[in-house]
Amino acid sequence: MSFTSSSFLMDASNTPNTINFRDLLNKSILQSDIVRIFDYLLTIGVEEGASDIHVEPFENYCRIRIRIDGVLEELVQYPKSFHESIISKFKIESGQMRPDEKRLPQDARVSAITQTNKEIDLRANTLPTVRWEKLVMRIVDKSKEIPSLKMLGIDGSNGAILRKALDYPNGIMLNTWPTGSGKTTTLYSCLSDINKIEVNITTFEDPVENKMMWLNQSQVRWDIGFTFASGLRAALRQDPDIIMVWEIRDRETLEMAMESAMTGHLVFSTIHTNSAVETITRVLNMGAESYMMAGTFNLVIAQRLWRKVCSNCATKVLIKDDAKYLYAKKTFTNFDKEALKAEIQSRGITQEQRTDFFVNGYMAQWTGKDSKTWEICSVCNGSGYKGRMWLYEMMDYTDQIKVMLLDKKSAFEIGKFALQNWMIDLERDWIFKAIQGKLDLNEIYRFVKMTTG
Ligand SMILES: [Zn+2]
């Protein structure tokens, strides 16, 4: 698919950074230039780091929103009379949707090139609503570079646990959390880190989001029976050391992954659960035996991508009586004191930051205003947030955890034990990052579960 019109010329003074694609989008809406609308929409999406674009019909007007840093924001509104042509044009250009079918949801996977010459994949779908159809496009930016493990910001003991797991010769490492939380980025970064000439790495993906140097990547094809499980079986005949299978979603794939790990291979995959600890229940419910889990599992990672506080306009505020602050402090009540001390040290948390949080009850808070002029902050445009960062939770399958699994202890008991002794879950990782002024506590319990250790 190509929405890109070749007539758009860029000269040296018109670099992507100086072109205001939002203005161009507004202009193309006024001119009812649908091809250009998609050009600019996709370009804005990629250049501003959006994960999704929503084209939505309502009673009196329609709107386009984009999801940046996990939050939707309105890009533009347009007259409702225009909506049907926008959707039809997309359906035709995609070549995979029927323009005359308006009663059923439809899907399409297409490639496109932005105005800034970036190659992207779009996973788009339409959904009939009580008004007209709504279109959602997920953007996969193929030009995005794989960040190194260091750039992911996996702090403290979590970083050490991951390093240890990547150096294991065999076993299973799982990554969990819903889509859009950057879990594929972490898996790619891990693969890139251990991708050496001495090892054979094979991956089974759906879709292949980034093509990487010196990596054997396969796209599974459900329509012809090339599944994750059959891929794993084939990989075992390809003299493998490390196998990555995109997702474990059925018993057969789980069994194959465990068998591969038992026979001396390192297996990476993802699974849909809400937390690292809940994965125990999920895996056992899928039919695995706890002794198999104990024998193969090395590490389960949960993660979340969230907005960073703008360092330009943040200030310190007293939140001593705030319920969120009290909950946050409580998570350390039953945490091993030595482990807490070591964690604070390894994350480079200063004495001042420590006293501010634990004793005085001060936290960083965004204002959206410049501290001197009190005008809207020019760095974050007054939103208070700039950039994103990953939060991590690591469930390390230590010998003690394996013994508890063999003793058929519940996931709840195992989780409680880990949280009391060493585990840094999402809540704790968030709090440590808030203590360092990188995140604020305002939204913490909308996105991570409260734990009492
Ligand atoms: Zn700011």
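Up top is the structure.
For every chain, the first residue of the written sequence is number 1, and numbering continues from 1 onward in sequence order. For this predicted model, a pLDDT threshold of at least 70 governs which residues receive local features, and a threshold of 80 or more governs which side-chain atom pairs are given and counted, while totals over whole chains, interfaces and linings are taken from all residues. For the side-chain quantities, the full set of heavy atoms in the structure was used; hydrogens and water were omitted.

## Quick notes on the nonpolar core
As a reminder, the rule being used: Here the nonpolar core consists of buried residues drawn from Ala, Val, Leu, Ile, Met, Phe, Trp, Tyr and Cys, with membership extended through side-chain atoms lying within 4.5 Å. Three labels apply to residues, based on accessible area from a 1.4 Å probe with only protein chains included: buried if under 20% of the type maximum, exposed if over 50%, partly exposed otherwise in between. Secondary structure elements follow DSSP: runs of H or I of four or more residues count as helices, runs of E of two or more count as strands, with numbering from the N terminus. Throughout, a residue-residue contact means that at least one pair of heavy atoms, one from each residue, lies within 4.5 Å.
With 95 residues, the main nonpolar core has Leu 162, Met 173, Phe 268, Met 395 and Trp 430 as its most contacted residues. When residues in this core are grouped by element, the largest group, seven residues, is from strand E12 (residues 297-309). The contacts of Met 395, once residues within four sequence positions are left out, are Ala 276, Val 277, Ile 280, Asn 298, Leu 299, Val 300, Ile 401, Ile 414, Ala 418 and Met 423. If you look at the next biggest cluster of nonpolar residues, it comprises 37 residues, including Leu 25, Phe 82, Phe 90 and Ala 112.

## Some details on the sheet that holds strand E5 (residues 119-128)
The test is simple: Between any two strands, at least two bridges found by DSSP are needed for them to pair. Every angle, taken between N-to-C directions, lies between 0 and 180 degrees, and every axis is a line fitted to C-alpha atoms, over only the stretch in contact when it is a helix.
Across the sheet, six strands lie side by side as E3-E2-E1-E6-E5-E4; this open sheet has antiparallel pairing. Because the sheet does not close on itself, it has two edges, and the strands there are strand E3 (71-79) and strand E4 (106-113). Neighbouring strand axes in the sheet, compared pairwise and without regard to direction, differ in orientation by 20 degrees on average. Where E4 lies against E5, eight bridges are found, and the strand directions are antiparallel. What sits directly across from Ile 113, in E5, is Glu 119. Packing of helix H1 (residues 21-30) onto the sheet brings it into contact with strand E2 (61-68) and E3, and relative to E3 it is tilted by some 30 degrees.

## Some words on the pattern of salt bridges
Note the threshold: A pair is scored as a salt bridge if a Lys or Arg side-chain nitrogen falls within 4 Å of a carboxyl oxygen belonging to Asp or Glu.
As enumerated under the stated definition, the model contains 28 salt bridges in all. Between Glu 59 and Arg 131 there is a salt bridge, with the nearest N and O atoms lying 3.0 Å from each other. Note that Glu 59 is positioned in the loop between strand E1 (50-57) and E2 and Arg 131 in the loop between E5 and strand E6 (133-141), a separation of 72 residues in sequence. A relative accessible area of 36% means that Arg 131 is categorised as partly exposed. Notably, a salt bridge pairs Arg 221 with Asp 223, separated by 3.1 Å at the nearest N-O pair. Residue Arg 221 is classed as partly exposed on the basis of its relative accessible area of 39%.

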